[in-house]
Every structure is written in structure tokens, then in C-alpha cells.
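Each chain, written out:
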Amino acid sequence: MPVADESENPANGIGGNDDAAVPLLAPADGVPPVLDTADAVADAADRLAAGTGPLAVDAERASGFRYSNRAYLIQLRRNGSGSFLIDPIPLGDGALDPLAETINDLEWVLHSADQDLPGLAELGLRPALLFDTELGGRLAGFERVGLAAMVEKLLGRELRKGHGAADWSTRPLPADWLNYAALDVELLLELRDEVAAALDEQGKTDWAAQEFEHVRTTEPAPPKADRWRRTSGIHTLRRARQLAVVRELWSARDQLARHRDVAPARVLPDSAIIAAAQGDPKSLGQLRALPIFGGPRQRRYSREWLAAVERARALPDAELPTLAQPYDGPPPVNRWERRDPVAAARLARARAAMTELSEEHAIPVENLLTPDLLRRLCWDGLPEFRSGTVPDDPAHAIDDYLKSGGARPWQRELAVPPLAAALFD
């Protein structure tokens, strides 16, 4: 339900603490030991089973350092059980089974759950029910939804961040990193209750439940085609042959990074790939004369890099990548006015309607409906757009399209009426 009085909006202060936030420097019960044996994990599972209520969950990855999305540390906390830090790396097959049997039937509380659920699923850990405090905060209208910001706003405590972007594959893990990790779940259950109360006050509990279930059950999207086109600096290249060099070097780097479980940028920076595409080296000496390639870490792979350049050079013209990036679905919005001004006008009206709806319900417009789905609808989502006619039941036609695109019932209930009016009235 919309919030009528701004002073009653949780995003504007209700449930918050106007006093200075109290720093939270360490867990109340101290930093728990890191559990890295099957027996220790089984004992933790027994203790968690004796607890009550939802389970606070977090995981630390090594994004920017490793190729994989695996969890290098798991943090858990449950009322009546305390907190646990689990290192899954040294554990053998089946070591996490007792934990999964205990916690997979519980409601999990995570912040930005879509970041951690895939890595936890790889370990056989999957929640039966989910509460995402970050997503809940968005739906409740909070302007700042980072964990530290929400803890300060709703609980009056200050979480001092600092190690989220660290290399969590490091062993042994430093003591201050473990303190940081334990603090990430220290107040998560209390935060869940505050966010749930805000959602309930605004009549958004069911909306949030639908969103949480969508996050819980949605499988990770497959990698997009032509990911090599996201190489930083590729916009400076003007020839198809240069793009072919980027594609071949990107693919060689990706294969090597995957094999070594190292972040691709640490194997070969994007800037080096662009330099090779521009320089067109024809020998090892020419390659090593380029920036980056002469360094000791790159010289050992010089032959692989040169072979990639040579493969691109040998391609027939018919197999070169196109200069224009292919796209799945509508063209970029900045081309709509030239290609189809009628569709551009449709999108402008639809966006205005969604912006008004966003303001009415204090929900970010992208959470009301994904921008991609709205673009697809307005470009050629309905056959009547091409025939210049009006559907017999515009609202029903739009609802069917949004449903096929994955929009949840609450989103369609809110969005369909204003979209039908914007697109057909």
C-alpha cells in the first residue's frame, strides 16, 4: 500500500535511531573459531538444530581474485545457537551433509542473497525459505540499502566495513578478517525483524515474499554470448580484424583463467588485449615489446598469446566479428527514435507511468518491473504494435506478456493498469 504521510515512511526515519550510532567492533560472544573438519561441522549442525527461528547466513567469495564463484567462508548465526564460521575448502565430500540436513529446511536471512546463493548451492546448501534484507529494504523504500547503512538506520549500530573485497581464498585468514566476517551475521536477524515490520506497516509483506521466492528459486542466468565485447577499451577499435584479435585473446585468457581458477584480469589485463589488437604483433619480440606482455608473468604465456593473435589474423573475412554489437531483443534505446519513433514514444509514456507508480509506492522503478522487460514490451511485445491496432483487452494482453517475461503477480497487479492506459488510451 502507498505511504500517505512522508513522516511515517521507514525510508524517512521511522524505526531508525536519531542518536549517534554505536560502533560494533566485535561480536558480543567473541569471534568463533573457524571450523574446517567434518567432526566440527557435524557438531555445529547439532548446535544449530537446537536453536530457534530463522538462520542468518553470509558467505565470502574471492571476486576479483578467483575465476570461480565459490564460497571460501560461510558465516551462520541462529538464536540459541550462536555464530559459526565454516571453511569449506579443506572439507571432503559429504562433510557438509549434516549441516545441509539441518539448515536447508530453515528460513535463511541474507543481505543481497543473489550474490551468495549460487556459491552456497554448489556446496549443497539451499534454503527452504528466504528473507533478503537488502531487497526488503528496497521494497520498503529505504534510500540506502547497504548492510552497514541499514544496520545504522534501523538498529543504531555502526558496522565498520573494510574486507568485503579481500581475497578470501587466502589461508590462513587474518584475525581482523574473521572479526569482520562474524559481524556480518551478528545483527542480521534483528535487522530482518525491523525490515519485516516496515514491510508489514506498508502492506508490502506479500510483495516481498513473492520477490524473495523469486530470488530463491531462480537459476543463475547462462553466460551471455559475445562476452568478449565487454573488454574495456574495445570502443577504441575500428576494424573487424582488431575485434577478432580481442575475441581470440579473450577466449585464450578465459580458458587459462578457468583452468588456474584465477580472475581473468589477473591473467592478462584488458588493456593488454586492446594493445595487441592495435599493435598486431607478428613475432614474440613484437608481442613482448607491447605494454604488459614484456612482464615476467606474461612472458611465460607469450606463445599462447601470439597464437591467439595469429588465429585472428588467419580468419577469412566472412568469419570476422561484426563491428556493430549484435543484440538479443530491442536495439539500444538511443536508436529507437531513428528506427521507430512510434515505439520510442510508447517507451517514453510507459516510463513516465512507471516512474509515477514508483513514487506512489516508494519502490525503485527497477523493482516494479525490470527495465529490459519494459523495453521488450514497448518495442514489439504485442503484435498489435506492428499492425497499428488495439487488442480486444489491452490489460489482459499486457498481463500475459509480463507474465511470460517473469513478472511476479504483485508487479503485474500494480503495473498493468497504468501501462494499459499509457500504451493504448
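Predicted model only: the values in this text are computed from it and were never measured.

In the sheet, strand β3 (residues 52-60) pairs with strand β4 (residues 73-79) via 7 bridges, with the strands oriented antiparallel. Residue pairing for β4: Ala-56 is matched across the bridge by Arg-77.

Our next topic: helix α1 (residues 38-49). Under the 1.5 Å per step criterion, the end-to-end length of α1 is 16 Å for 12 residues, consistent within 8% with the ideal 16 Å. All of the buried residues in α1 are Val-41, Ala-44, Ala-45 and Leu-48. All buried residues of α1 project into a common sector of 105 degrees when viewed along the axis, lining one side. Exposed residues lying more than 90 degrees from the buried face of α1 are Asp-39 and Asp-46.

Under the criterion given, the structure shown has 19 salt bridges. Between Glu-211 and Arg-408 there is a salt bridge; the shortest N-O distance is 2.7 Å. Taken together, the residues span a long stretch of sequence, with Glu-211 in helix α8 (residues 205-217) and Arg-408 in the loop between α20 (394-404) and α21 (409-424) at a distance of 197 residues. Arg-408 shares its class with Glu-211; the two are buried. Between Arg-412 and Asp-399 there is a salt bridge, with its nearest N and O atoms 3.0 Å apart. Here Asp-399 lies in helix α20 and Arg-412 lies in helix α21, a separation of 13 residues in the sequence. Overall, the relative accessible area of 13% leaves Arg-412 in the buried class.

Structurally, Ala-175 can be placed in helix α6 (residues 175-186). As a C-alpha pair, Ala-175 and Val-31 span 144 residues in sequence and 8.7 Å in three-dimensional space.

Domain assignment breaks the protein chain into domain 1 (22-217), domain 2 (227-319) and domain 3 (333-424). Listed by partner, the interface residues are 10 residues for domain 1 and 12 residues for domain 3. Taking both partners together, domain 1 and domain 3 bury about 920 Å²; carbon and sulfur atoms supply 56% of that area. Counting the contacts that link domain 1 with domain 3 gives 1 salt bridge. In this structure, the connection of domain 1 to domain 3 is made through 6 residue pairs in polar contact (both at pLDDT 80 or more). Among the elements of the structure, α4 (133-139) and α8 are those that each provide at least two residues to the side of domain 1 that touches domain 3. Here the side of domain 1 that touches domain 3 takes 4 residues from α8, the largest share from any one element. Tallied by class, the residues present in the side of domain 1 that touches domain 3 amount to 4 nonpolar, 3 polar and 3 charged.

One finds Ile-86, Leu-99, Trp-108, Leu-191, Ile-398, Leu-402 and Leu-419 to be the most contacted residues of the largest nonpolar core, which totals 85 residues. Counting only domains with at least three residues in this core, you end up with domain 1 (22-217) and domain 3 (333-424). With sequence-adjacent residues up to four places away left out, Leu-402 is seen in contact with Leu-369, Leu-373, Leu-377, Ala-407, Arg-412, Val-416 and Leu-419. With 33 residues, the next largest nonpolar core counts Val-245, Trp-250, Val-267 and Ala-308 among its residues.

Time to look at the UniProt feature "domain: HRDC" (unreviewed entry) in the protein chain. The sites that carry the UniProt feature "domain: HRDC" (unreviewed entry) are, in the present numbering, residues 239-319. Helix and strand shares over residues 239-319 are 70% and 0% respectively, and the end C-alpha atoms of the span are 13 Å apart.

This part takes up the pairing of strand β5 (residues 82-86). The buried fraction of β5 is high, at 5 of 5 residues. Across 2 bridges, strand β2 (residues 34-35) lies against β5 in parallel orientation. If you follow Leu-35 over to β5, its bridge partner there is Ile-86. As judged from the 5 bridges shared by β4 and β5, these two strands associate in the antiparallel manner. Across the sheet, Gln-75 pairs through a bridge with Leu-85, a residue of β5. Counting the residues in the hairpin turn of β4 and β5 gives 2 residues, including Gly-80, whose phi is positive at 85 degrees.

A few words now on the packing of helix α9 (residues 240-260) against helix α11 (residues 270-279). Packing of α9 against α11 brings their axes to within 8 Å, and their N-to-C directions diverge by 140 degrees. Relative to α11, α9 is oriented oblique. With respect to the hand of their crossing, α9 and α11 are arranged in right-handed fashion. For the pair formed by α9 and α11, the contact residues are Gln-242, Val-245, Val-246, Leu-249, Trp-250 and Arg-253 on the first element and Asp-270, Ile-273, Ile-274, Ala-276, Ala-277 and Gln-278 on the second. Across the contact of α9 with α11, the residue classes tally to 8 nonpolar, 2 polar and 2 charged.

Conventions and cut-offs
Residues numbered from 1 in each chain as written. Predicted model: local features only at pLDDT ≥ 70, side-chain atom pairs only at ≥ 80, totals over all residues. Heavy atoms only, no water. Pairing = 2+ DSSP bridges. Helix = DSSP H or I, 4+ residues; strand = E, 2+ residues; numbered from the N terminus. Expected span 1.5 Å × (residues − 1). Buried < 20%, exposed > 50% of the residue type's maximum accessible area, 1.4 Å probe, protein only. Arc of directions from axis to C-beta. Salt bridge = Lys/Arg side-chain N within 4 Å of Asp/Glu carboxyl O. Domains from an automatic or database assignment. Contact = heavy atoms within 4.5 Å. Buried area = accessible area lost by both parts, 1.4 Å probe. Polar contact = N/O pair within 3.5 Å; in protein donor to acceptor, adjacent residues only side chain to side chain. Nonpolar A, V, L, I, M, F, W, Y, C, P; charged D, E, K, R; others polar. Core = buried A, V, L, I, M, F, W, Y, C linked by side-chain atoms within 4.5 Å. UniProt positions renumbered as here; feature names shortened; annotations may be inferred. Axes fitted to C-alpha atoms, helices over the stretch in contact; angles between N-to-C directions. Parallel < 35°, antiparallel > 145°, perpendicular 65-115°, else oblique. Left-handed = near helix turned anticlockwise from the far one by under 90°.

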